[in-house]
Amino acid sequence: YVKTCGQAYDPMCFSQKDLFRHVTNQEFQKMGNQVHEQWTVPKVLALEEVDAKLAPTLDSDEAWSQMFWRQVRQICAEVVDCFRGPVSQHGQVGMFEILGLDFICRSDASVVLLEANRDPSWVVDGSTKKGIIPALVEDMLEIVLRIHGGGHPKENYRDVNKSS
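The structure contained in this document is the topic of the report that follows. Just so you know, the residues in each chain are numbered from 1, in the order the chain's sequence is written. With pLDDT at 70 or above as the cut-off, local features in this predicted model cover only qualifying residues; side-chain atom pairs require 80 or more to be listed or tallied, and sums for whole chains, interfaces and linings still use all residues. Note that water and hydrogens are dropped before the side-chain values are worked out from all heavy atoms of the structure.

Comments concerning the packing of aromatic side chains
Only Phe, Tyr and Trp rings are paired, with Trp represented by its six-membered ring, and only when their centres lie within 6.5 Å; those with planes under 30 degrees apart are stacked, over 60 edge-to-face, the remainder tilted. Inspection of every chain in the model, using the stated rule, returns three aromatic pairs. Considering the side-chain rings of Phe68 and Phe103, the 6.3 Å spacing of their centres and the 85° angle between planes classify their relative orientation as edge-to-face. In this pair, Phe68 sits in helix H4 (residues 64-90) while Phe103 sits in strand E1 (residues 100-105), placing the two residues 35 residues apart along the sequence. Since its relative accessible area comes to 10%, Phe68 is described here as buried. Cluster of aromatic residues (ring-pair linked, three or more members): Trp64, Phe68, Trp69 and Phe103. Where helices and strands are cited, they refer to DSSP runs of H or I of at least four residues and of E of at least two residues respectively, numbered from the N terminus. Throughout, exposure labels follow a simple rule: accessible area from a 1.4 Å probe, protein chains only, divided by the maximum for the residue type, with under 20% read as buried, over 50% as exposed, and the rest as partly exposed.

Written out as structure tokens, the structure is:
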């Protein structure tokens, strides 16, 4: 999903008031009307909505989301490379970490890693996230349970319940 800023980006604005302009964090944006007269919290968008919105502005036949995911995969590979050594040396079966990676997309469609969150939000607070978060949780569980010699998480869950 994609969160957008509450107002047009202006790289020359650095005041506390302008924090609301730049930050996509929904909790910050909910308070934007305290410092800006005309303020609305933009809705969370699905990637398909962004593709449709940005298609006329791109100098490419490739969809925005295809360009985005190609760059994100490269950045994610670089992030994993940063901790691959220590995890290989000190990690044990059953240990895992969840990172929420946030990205900024520039107007030229290039992607920049903004931050890695050790405790990403799993809040389903809208229809777009409702279609994404449960699938992410299921995919994560499938990966974790596969490491333990299991299969699909729903099958493992049923097996656990039968044995208790």
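Some words on H4
One less than the number of residues in a helix, times 1.5 Å, gives the span that helix is expected to have. In this model, H4 (27 residues) spans 39 Å end to end at C-alpha, consistent with the 39 Å of a helix rising 1.5 Å per residue. Note that bend, as reported per residue, equals the angle between axes fitted to the 7 residues terminating at that residue and the 7 residues originating from it. At Phe83, H4 shows its largest bend, some 45°, and a proline, Pro86, comes one to four positions later. Looking at H4, one finds that the buried residues are Trp64, Ser65, Met67, Phe68, Val72, Ile75 and Val79. At its buried positions, H4 is contacted by helix H3 (47-54), E1 and strand E2 (111-117). Here a residue-residue contact requires only that any non-hydrogen atoms of the pair lie within 4.5 Å.

A word on helix H6 (residues 133-147)
The end-to-end C-alpha distance of H6, which contains 15 residues, comes to 22 Å, matching closely the 21 Å that a straight helix rising 1.5 Å per residue would cover. Gly149 lies just past H6 and shows a positive phi near 85°.

Brief notes about the side chain of Asp51
If you trace the backbone, Asp51 turns up in helix H3. Comment: no salt bridge for buried Asp51; closest opposite-charge side chain is Arg70, at 11 Å. Not counting residues within four places of it along the chain, the set of residues in contact with Asp51 comprises Ala63, Trp64 and Ser65. When charges are tallied, Lys and Arg are placed among the positive residues and Asp and Glu among the negative ones, while His and the ends of the chain are skipped. Just to be clear on terms, a salt bridge is a Lys or Arg side-chain nitrogen sitting within 4 Å of an Asp or Glu carboxyl oxygen.

With respect to the pattern of salt bridges
Tallied over the entire structure, the rule returns four salt bridges. With a closest N to O distance of 3.4 Å, Arg118 and Glu97 form a salt bridge. Remark: Glu97 occurs in the loop between H4 and E1 and Arg118 occurs in the loop between E2 and helix H5 (127-130); sequence separation between them is 21 residues. Look at Glu97 and you get partly exposed, because its relative accessible area is 47%. We note a salt bridge from Arg146 to Glu142, for which the minimum N-O separation is 3.1 Å. Of this pair, Arg146 and Glu142 both sit in helix H6, four residues apart, roughly one helical turn. Look at Arg146 and you get partly exposed, because its relative accessible area is 48%.

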